Amino acid sequence: MADIDKGLPNTRTKIDIPSEEEMAEEVSVQEEDIEKGPVEVIPEEDGGVTLDFEPGAINVPGTESHFDNLADILPDDILEPIGNEMVQNYMDYKSSRKEWEQSYRTGLDLLGFKYENRTEPFQGASGATHPVLAEAVTQFQAQAYKELLPSDGPVRTQIIGVKNPQTEQQSQRVKDFMNYLIMDQIKEYESEFDSMLFHLPLAGSTFKKVYYDVPLGRAVSKFVPADELVVPYTATSLDDAEAVIHTVKISENELRKQQVSGFYRDVELGPPGTDSNNELEKKERELEGTKKTGKNEPVYTLLECHVNLDLEGFEDIGEDKEPTGIKLPYIVTVEEGNRSVLSIRRNYAPEDVKKNKINYFVHFKFLPGLGFYGFGLIHMIGGLSRTATAALRQLLDAGTLANLPAGFKQRGVRVRDEASPIQPGEFKDVDAPGGNLRDAFFPLPYKEPSPTLLQLLGTVVQAGQRFAAIADMQVGDGNQGAAVGTTVALLERGSRVMSAIHKRCYAAMKNEFRLLAKIVSQYLPPEYPYDVVGGQRNIKQADFDDRVDVIPVADPNIFSMSQRITLAQTQMQIATSNPQLHNMYQIYKNMYNAIGVKDVDAVLPPPSPPAPKDPSLEHIDALGGKPFQAFPGQDHRAHITAHLNFMSTNMVRNNPPVMAAIQKNILEHISIMAQEQVQMEFREQMQQIQQMQQMAAMDPQIQQQLQMLNNEIEARKAVLIAEMTEEFMKEENEITSQFDSDPLLKLKSREVDLRAMENERKREADETKANFDRAKLMQARDLAEDKMDQNEELAELRANTSLAKSGIQQMSVIDEN
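This one's a predicted model, so the numbers in the text were calculated from it and none came from an experiment. (Residues numbered from 1 in each chain as written. Predicted model: local features only at pLDDT ≥ 70, side-chain atom pairs only at ≥ 80, totals over all residues. Heavy atoms only, no water.)

Undergrad: Explain the overall build of the chain to me, and be specific about the residues and the numbers.
TA: When you go through the chain residue by residue, the secondary structure sums to 25 helices and 19 strands. Buried residues in the chain amount to 36% of all 817 residues. A sequence separation of at least 24 residues applies to 70% of the contacts in the chain between residues at least 6 apart. As displayed, the chain has an accessible area near 49,300 Å², and 53% of this comes from carbon and sulfur atoms. (Helix = DSSP H or I, 4+ residues; strand = E, 2+ residues; numbered from the N terminus. Buried < 20%, exposed > 50% of the residue type's maximum accessible area, 1.4 Å probe, protein only. Contact = heavy atoms within 4.5 Å. Areas by Shrake-Rupley, 256 points an atom, 1.4 Å probe, with all protein chains shown as cover.)

Undergrad: Describe the packing of helix α5 (residues 132-148) against helix α10 (residues 377-403), listing the residues and the values that go with them.
TA: Orientation of α5 relative to α10, taken along the N-to-C sense of each, is 150°, at an axis distance of 9 Å. With respect to each other, α5 and α10 are oriented roughly antiparallel. Facing α5, whose interface residues are Val132, Leu133, Ala136 and Val137, α10 presents Leu377, Ile378, Ile381 and Ser385. Looking at side-chain class alone, the contact of α5 with α10 contains seven nonpolar, one polar and no charged residues. (Axes fitted to C-alpha atoms, helices over the stretch in contact; angles between N-to-C directions. Parallel < 35°, antiparallel > 145°, perpendicular 65-115°, else oblique. Nonpolar A, V, L, I, M, F, W, Y, C, P; charged D, E, K, R; others polar.)

Undergrad: Can you tell me about the nonpolar core, naming the residues and giving the values?
TA: Residues Leu229 and Phe544 are the most contacted members of the largest nonpolar core, which totals 72 residues. Considering each element in turn, this core owes the most residues, 11 residues, to helix α15 (residues 496-523). The residues touching Phe544, leaving out its near neighbours within four places in the chain, are Val174, Phe177, Met178, Ala517, Val520, Ser521, Leu524 and Ile539. The next biggest cluster of nonpolar side chains, apart from the first, holds 26 residues, and it includes Leu303, Val307, Phe314 and Val341. (Core = buried A, V, L, I, M, F, W, Y, C linked by side-chain atoms within 4.5 Å.)

Undergrad: Got a sec to walk through unusual backbone geometry? Specific residues and values, please.
TA: In the Ramachandran plot, Lys321 falls in the positive-phi region, its phi being about 65° despite a non-glycine side chain. Phi angles above zero are rare outside glycine, and Arg339 is one such case at about 60°. Mapped onto the fold, Arg339 is located in the loop between β10 (328-335) and β11 (340-346). Residue Arg339 is classed as partly exposed on the basis of its relative accessible area of 28%.

Undergrad: So what about the sheet that holds strand β12 (residues 361-365)? Which residues, and what values?
TA: Backbone hydrogen bonds are what pair the strands of a sheet, in a parallel or an antiparallel way. As summarised here, the arrangement of the three strands in space is β6-β5-β12, forming an open sheet in which the pairing is antiparallel. Each edge of the open sheet is held by one strand with a lone partner, namely β6 (218-225) and β12. This sheet shows a mean twist of 25° between the axes of neighbouring strands, independent of strand direction. Strand contacts of helix α7 (residues 189-203): β5 (205-213), β6 and β12, with the helix running at about 155° to β5, the strand carrying the most contacts. (Pairing = 2+ DSSP bridges.)

Undergrad: Describe helix α20 (residues 636-647), and please don't skip the residues or the numbers.
TA: The end-to-end C-alpha distance of α20, which contains 12 residues, comes to 16 Å, matching closely the 16 Å that a straight helix rising 1.5 Å per residue would cover. If you check which residues of α20 are buried, you get His636, His639, Ile640, His643, Leu644, Phe646 and Met647. Looking straight down α20, one finds that the buried residues subtend no more than 160° of arc, so they occupy a single side. (Expected span 1.5 Å × (residues − 1). Arc of directions from axis to C-beta.)

Undergrad: Break down the pairing of strand β9 (residues 299-309) for me, with residues and values.
TA: Counting buried positions along β9 yields 10 of 11 residues, so the element is predominantly enclosed. Strand direction decides the pairing type here: strand β8 (residues 244-251) and β9, joined by eight bridges, are antiparallel. Following the sheet pairing, Ile245 is matched in β9 by Cys305.

Undergrad: Account for the pattern of salt bridges, with residues named and values stated.
TA: All chains considered together, the criterion is met by 16 salt bridges. Measuring nitrogen to oxygen at the nearest pair gives 3.1 Å for the salt bridge that ties Asp176 to Arg537. Residue Asp176 is found in helix α6 (residues 165-185), and its partner Arg537 is found in strand β18 (residues 535-540); the two are separated by 361 residues along the sequence. On the basis of relative accessible area, Arg537 is assigned to the partly exposed category, the value being 36%. Put simply, Glu727 and Arg637 hold a salt bridge, and the shortest N to O gap is 3.2 Å. In this pair, Glu727 sits in helix α24 (residues 700-741) while Arg637 sits in helix α20, placing the two residues 90 residues apart along the sequence. Overlapping salt bridges, with partners in common, bring together Lys94, Arg97 and Glu101 in one network. (Salt bridge = Lys/Arg side-chain N within 4 Å of Asp/Glu carboxyl O.)

Undergrad: Any chance you could break down the sheet that holds β11 for me, citing the residues and the numbers?
TA: Across the sheet, five strands lie side by side as β7-β8-β9-β10-β11; this open sheet has antiparallel pairing. With one partner strand each, in any of the chains shown, β7 (229-230) and β11 form the two edges of the open sheet. The sheet contact formed by β7 and β8 spans two bridges and is antiparallel. Looking across to β8, one finds that Leu229 is bridged to His246. Packed on one face of the sheet, helix α3 (residues 76-96) meets β7, β8, β9, β10 and β11 and runs near 100° to β9. Here helix α8 (residues 252-260) sits on the sheet and contacts β8, β9 and β11; the angle it forms with β8, its principal contact strand, is near 110°.

Undergrad: Can you tell me about the packing of aromatic side chains, naming the residues and giving the values?
TA: Across all of its chains, the model carries 14 aromatic pairs by this definition. Directly above the ring of Tyr211 sits Lys209, whose terminal nitrogen or CZ lies 5.3 Å from the centroid. A cation over an aromatic ring shows up here: Arg345 above the ring of Phe263, its NZ or CZ 4.4 Å from the ring centre. (Phe/Tyr/Trp six-rings, centres within 6.5 Å; stacked < 30°, edge-to-face > 60°. Lys NZ or Arg CZ within 6 Å of the ring centre and 35° of its normal.)

Undergrad: Can you lay out the environment of Glu168 for me, pointing to particular residues and giving the numbers?
TA: Looking at the element boundaries, Glu168 is found in helix α6. Owing to a relative accessible area of 43%, Glu168 belongs among the partly exposed residues under this scheme. Linking Glu168 and Gln158, residues 10 residues apart in sequence, is a C-alpha distance of 8.9 Å. Once you skip the residues sitting within four places of it in the chain, Glu168 turns out to touch Ile159 and Lys163.

See the structure below:
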């Protein structure tokens, strides 16, 4: 009652006991007040009383914050039915997925983590488990962990809308802080993510719970196994589930801390129970090789129910100020043992008019199931794993029985020292009543391990591995010379399943990071400085807005290093066939990034950006075969004159490639010079064009005017280029006229030109022959690969035929017997 007094100060007033005279004077006033409405008089320990003018009122505006624990002010007659309903719903939901838990629990035995000592069909029979399932699980876990959680951080950002320096800086700040938060502050993230990736291929579904932890003072993202999260039978996703119940195990001391801090309602609970009834947890501990001994640790089981309720006193009110009957989202926490409600909190934002529920869970699926839960490898290749295990045990048992034969002997035959085994090369004396010793013993007809059974085991294992195959198995022979089409086809064929699983994990991580970013934006101060290795960074609360999207750094289309290297090799193979059409620096950089080189710029120096150069440096680049270009603002006429003088030298005239490079640069100078002159002549028209471009999309007439102005400017530019080109030709002819007047020099120049033409013809012929030889080699390789594929198909067909014949023969022998 004391808590209620503190929660409803507007409806109750504490007064002191007056004297007899004062009470006589005020008794009539009190009677009038009582007649006006119900008033509850509550005596206090200090002798005063508290008058409650609205007894029974619960939801009084201004008496509690939005996310307060409503269970502290709700009466027991409201809380008890809620607690019973939550526990009963939990039991019903859990019962509806009983078969799923049974199949998952049985499938855990197929991992082979525990060796089974069998007594059937004989003492010491093999208890080995084939590792086809364990191999697929560990391969997926190791591969996904490396790709989805790189050492530099799993988060990258992308800008929504138009990019500018401000949004790019904001995007970089968000990326740096999110990676700092996940890799440094959320210390349990890596270990729990690693554990989740191991459970995912087994169960088919795992969950992450993202929320703000008050005791830790930061956001957390915790792994929730599928057996700890229960939903109704009709649910297909977390969004449409009417209820989501998360079972939380908590010690008695930790629960008491939460009650004292005010997070949970301080009520008397019964003795804590144990989690010994959870068969799935018992199976997991059995596989780990651990079990409970001695006294069980007292543990409470809390049911955190994310449900919709029409809570009395907190109904949804419509525009007519009357309850609408619509259920609102709440989080109800109930202790499973005695069904006591510990907390009821609103599960929607205070500013949300629609009152949509806040989602705390992220669903990771391995393969999409037929309902809410996904399918794992236990469901998909569990039958193959059981068959492989049975075949392996039969082969081992057959070998054991064949190596250690047993049988019958005639009565009366006695072997001396029968208790001691016969060592290799040792003979023992036998006392026989008479007759042939061979007739006195009858060994059982044990067979050697069957080749057919061994072949069947190989077929079953290959089928399981093929289903859970990764790209390394399909492409990883390192054949860099293979045809591009063949490599891409093999890569696509071997990565379909894993690529789809990787994309589902990528989409789930994207939702997880968005939930984390939303929590950070709510609880982060306006500006937060933090220290990292080598410096200090700064993040602002306003950075987490709609302009920046937080997504995983992993590529949803690439899930392994071998796949990345194969694609980079294929890209390089295509680029080297025609390097002049490709950016070879980027090609090699992609290859270094694929193989994991950290300091790529130290190994492969990036090309310097083009910058204006003087004519002499441009001549040096021309002689060295390096590219160079003209830039606006240069003295174009001086460059052209210097180039013309350089072109008149014998060295340049006898080198057509250098001559072509210099002439190309002269034409660039002419084009830029004409453009600059047009901009000076049409300065006003240029400004008019910029203004008209903003309105051109709305008015077709303005578009026509804009096109006319552009045509006029381009026409003037063409005239200027023609005049400047004519002037350039005159200057070139004046400079070369002196060279052409000397017949010896002219003859020598003609000889050099012919030699250059012959060299060019030979180069083209050699290149054509090389391309033809390369195409012929690729065609031969494709034919060889097709022939190998046909041979493999024929070999497989022969093996199947042989297996069928062997089975027919065995059936015939059985029929004859």
